[in-house]
Amino acid sequence: MTVVEELIDALGAETVLVGEAVGERYRSDASLSGRVLPIAVLRPASVEAVVLALAICNRHGQGIVPQGGLTGLAGGANAGDGEIALSLERLSGVEEIDTAAATMTVRAGTPLQVAQHAAEQAGFLLPIDLGSRGSCQIGGNLSTNAGGIRVIRHGVTRDNVLGLEAVLADGTVLSSLNKMMKNNTGYDLRQLFIGAEGTLGIITRAVLKLKPLARGRQTALCALESYEAVLGLLDLARRELAGLSAFEAMWASFFAFNTQGLGLRFFEADYPFTVIIEQETRGDERDTEGFEAFLGAALEEGIIADALIAQSEKERESFWAVREGAPLDRLPSLVNFDVSLAIGILDEFAAACEAELLARFPGAHVSFFGHVGDSNLHIAVSVGDGSDETLHEIDAITYGLVRKFGGSVSAEHGIGTLKRDYLGYSRSAAELEVMRRIKSALDPKGILNPGKVIPPG
Ligand SMILES: Cc1cc2nc3c(=O)[nH]c(=O)nc-3n(C[C@H](O)[C@H](O)[C@H](O)COP(=O)(O)OP(=O)(O)OC[C@H]3O[C@@H](n4cnc5c(N)ncnc54)[C@H](O)[C@@H]3O)c2cc1C
């Protein structure tokens, strides 16, 4: 029997899609870099089915790529030639909300928004939040250690996971659905799978931390004259706003491009930096007064040049619409970078990056924005040509500077295939070697997401 015949025999035809039934949507994640359709798509609806699938694939040495909501931006969920995809879409649903422990036990294929909604219904906040919430899945969020816009307050996905269950390449189930805050019993194995992008095991279930639901929110758009002022505002916000939940900076060219594209105008003058500050609160009058006092102090100390406080949800959404930057998507062959650098040198890096890209590609669009409070910078580049050669050159310039400035080539989107060749810019040879050893210990035949994340030795 071939591996696919054996899978159909063990799992049933409704779990194994082949031929015409393998739809186009299984070709690629949101990076649109997937080139081939998987030879079959497995859609297990239980952990037992995942175990069977992996045991069979392992026996055959069959490459298998886990697929969540396919919103990833690093090519991590794309199948290579002759590989099988394992989609978690049917392993979905919230199993339990434990109000005493403030935890949610959830299956990996649950869309993030469904899990968020279930938490809210129970009076809690699920702190993980990203723009792709309607499609991305909890398993994908864990596997990429997703960030998002609430990291400054609640940490990255990794910080919100208490327990995890994963199936290893040979079908062994590692189940540690721990709900306890304190558990110092040897190696913290769950962390191996968080951020591993499906190369070490298939995540099947998780226990996530829940937080109290915020009842109020204040949002301001601040104009600033310099990056030093941005740093001053961040320092003041960290000291004064206990519920600081977003600190998003936009460099001048990003802000101008998107406000013009959206037909919006906020300030009389143009400023080098604009920052969105948001805080989540218990919703009483004192929180609003405290927020206004904080902005008043920032104005008085000359840290901010101007500020607007959102007076309505509509106004708040207009601030965030600029940050979400939809007009950028109209630029030809847009390349988005997601890098990390020490907060203090973000602007120095941005200036060097802009200068180097414009020297090579005069007239290109280069703009910067990001979760500055989390040291995360996004860079939008469009030179008008999307050939592989040009894209490679843009990558080489940008990642070369990230290496020079001691940063990370991926802040939140992961490595996948698209950044694999640059992993060594942010990790030492010794670290890469330990990654290879862990991979071969857990997946000796190399069947799980072959060729992803770790560059060949
Ligand atoms: C509009 C938009 C906004 C976004 N905003 C953000 C953002 O703010 N912050 C951020 O970090 N990312 C963001 N992303 C990127 C993306 O949404 C995240 O990386 C997300 O966590 C991917 O989840 P997914 O379920 O779609 O995973 P996929 O894309 O399906 O897979 C991602 C990786 O995880 C692996 N994988 C998936 N499920 C499992 C599993 N159960 N077990 C083992 N491996 C698995 C895959 O093999 C692949 O390597 C955004 C994407 C879009 C399109």
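## Details of helix 2 (residues 47–60)
Part 1: Its 14 residues place the ends of helix 2 20 Å apart at the C-alpha level, agreeing with the 20 Å of an ideal helix rising 1.5 Å per residue.
Part 2: Restricting attention to buried positions, one finds in helix 2 the residues Val 47, Ala 49, Val 50, Ala 53, Leu 54, Ile 56, Cys 57 and Asn 58.
Part 3: Among the residues trailing helix 2, Gly 61 stands out with phi positive, at a value near 65°.

## Quick word on the pattern of salt bridges
Part 1: Per the counting criterion, the structure on display carries 28 salt bridges.
Part 2: Across the pair Lys 179 and Glu 96 runs a salt bridge whose closest N-O atoms are separated by 2.8 Å. Highlighted residues: Lys 179 in the loop between strand 9 (173–176) and helix 6 (190–193) and Glu 96 in strand 5 (residues 94–98), separated in sequence by 83 residues.
Part 3: When the shortest N-O distance is used, the salt bridge between Glu 278 and Arg 316 registers 2.9 Å. Placement of Glu 278 in strand 14 (residues 273–281) and of Arg 316 in helix 10 (residues 313–324) is noted, with a sequence separation of 38 residues between them.
Part 4: Residue classification places Arg 316 among the buried positions, given a relative accessible area of 12%.
Part 5: Beyond isolated ion pairs, a larger network of salt bridges with shared partners links Arg 150, Arg 153, Arg 217, Glu 278, Glu 280, Glu 313 and Arg 316.

## So, the packing of helix 11 (residues 346–360) against helix 12 (residues 388–404)
Part 1: Across the interface, helix 11 lies against helix 12 with an axial gap of 10 Å and an inter-helix angle of 155°. By the angle between their axes, helix 11 is roughly antiparallel relative to helix 12. Crossing of helix 11 against helix 12: the hand is right-handed. In this structure, helix 11 contributes Phe 349, Ala 352, Cys 353, Glu 356, Leu 357 and Arg 360 to the contact, and helix 12 contributes Glu 393, Ile 394, Ile 397, Thr 398, Leu 401 and Val 402.
Part 2: Here the contact of helix 11 with helix 12 is built from residues that sort into eight nonpolar, one polar and three charged.

## Brief notes about the nonpolar core
Part 1: Judged by nonpolar contacts, the single largest core of 55 residues is most densely connected at Leu 233, Trp 251, Ile 277, Phe 349 and Ile 379.
Part 2: With seven residues, the top contributor of residues to this core is helix 7 (residues 227–240).
Part 3: For this core, the two domains that each supply at least three residues are domain 3 (216–326) and domain 4 (331–429).
Part 4: Each residue touching Ile 277, except ones within four places of it in the same chain, is listed here: Gln 218, Thr 219, Ala 220, Leu 233, Ala 237, Leu 241, Leu 244, Ala 246, Phe 247, Phe 291 and Phe 294.
Part 5: With 51 residues, the next largest nonpolar core counts Leu 7, Ala 40, Met 104 and Leu 448 among its residues.

## Notes on the site of the ligand
Part 1: Around the ligand, the structure places 33 residues, and the nearest of them are Pro 66, Gly 68, Thr 71, Gly 72 and Ser 132.
Part 2: Between the ligand and the protein, one listed contact pairs an oxygen atom with a side-chain N or O atom of Thr 144 at 2.9 Å.
Part 3: Within the contact set of the ligand, a nitrogen atom lies 2.9 Å away from a backbone nitrogen or oxygen of Ile 203.
Part 4: Against a free-state accessible area of 970 Å², the protein chains account for coverage of 89% of the ligand.

## Structural notes on the sheet that holds strand 16 (residues 335–340)
Part 1: Pairing is antiparallel in the open sheet, where seven strands are placed in the order 15-12-14-13-17-18-16. The sheet terminates laterally at strand 15 (306–309) and strand 16, the two strands that pair on one side only. Adjacent strand axes in the sheet meet at a mean angle of 15° when their direction is disregarded.
Part 2: In this structure, strand 12 (residues 216–224) lies alongside strand 15, joined through four bridges in antiparallel fashion. Bridged to Ala 220 within strand 15 is Ile 309.
Part 3: Each of strand 12, strand 14 and strand 15 is contacted by helix 9 (residues 285–300), which is oriented at about 10° to strand 12, the strand it contacts most.
Part 4: Along the sheet, helix 12 contacts strand 16 and strand 18 (376–382); its crossing angle with strand 16, the most-contacted strand, is approximately 15°.

## Comments concerning unusual backbone geometry
Part 1: In this structure, Glu 197 takes a positive phi of about 55° despite not being glycine.
Part 2: In this fold, Glu 197 is placed in the loop between helix 6 and strand 10 (202–209).

## Some words on the packing of helix 8 (residues 252–262) against helix 10
Part 1: Viewed as axis vectors pointing N to C, helix 8 and helix 10 meet at an angle of 120°, and their least axial separation amounts to 8 Å. Looking at the two axes, helix 8 sits oblique to helix 10. Judged by the sense of rotation from one axis to the other, the crossing of helix 8 with helix 10 is right-handed. Contacts from Phe 254, Phe 255, Asn 258, Thr 259 and Leu 262 in helix 8 reach Ala 321, Val 322 and Arg 323 in helix 10.

## Details of the pairing of strand 8 (residues 161–167)
Part 1: With respect to burial, strand 8 is a largely interior element, seven of its seven residues being buried.
Part 2: In this sheet, strand 10 lies alongside strand 8 in antiparallel orientation, the contact comprising six bridges. The residue of strand 10 that forms the bridge with Val 161 is Leu 208.
Part 3: Between strand 8 and strand 9, which follow one another and run antiparallel, lie five residues, and Gly 171 among them has a positive phi close to 95°.

Rules used throughout
- Residues numbered from 1 in each chain as written.
- Predicted model: local features only at pLDDT ≥ 70, side-chain atom pairs only at ≥ 80, totals over all residues.
- Heavy atoms only, no water.
- Helix = DSSP H or I, 4+ residues; strand = E, 2+ residues; numbered from the N terminus.
- Expected span 1.5 Å × (residues − 1).
- Buried < 20%, exposed > 50% of the residue type's maximum accessible area, 1.4 Å probe, protein only.
- Salt bridge = Lys/Arg side-chain N within 4 Å of Asp/Glu carboxyl O.
- Axes fitted to C-alpha atoms, helices over the stretch in contact; angles between N-to-C directions.
- Parallel < 35°, antiparallel > 145°, perpendicular 65-115°, else oblique.
- Left-handed = near helix turned anticlockwise from the far one by under 90°.
- Contact = heavy atoms within 4.5 Å.
- Nonpolar A, V, L, I, M, F, W, Y, C, P; charged D, E, K, R; others polar.
- Core = buried A, V, L, I, M, F, W, Y, C linked by side-chain atoms within 4.5 Å.
- Domains from an automatic or database assignment.
- Near = heavy atom within 4 Å.
- Polar contact = N/O pair within 3.5 Å; in protein donor to acceptor, adjacent residues only side chain to side chain.
- Areas by Shrake-Rupley, 256 points an atom, 1.4 Å probe, with all protein chains shown as cover.
- Pairing = 2+ DSSP bridges.

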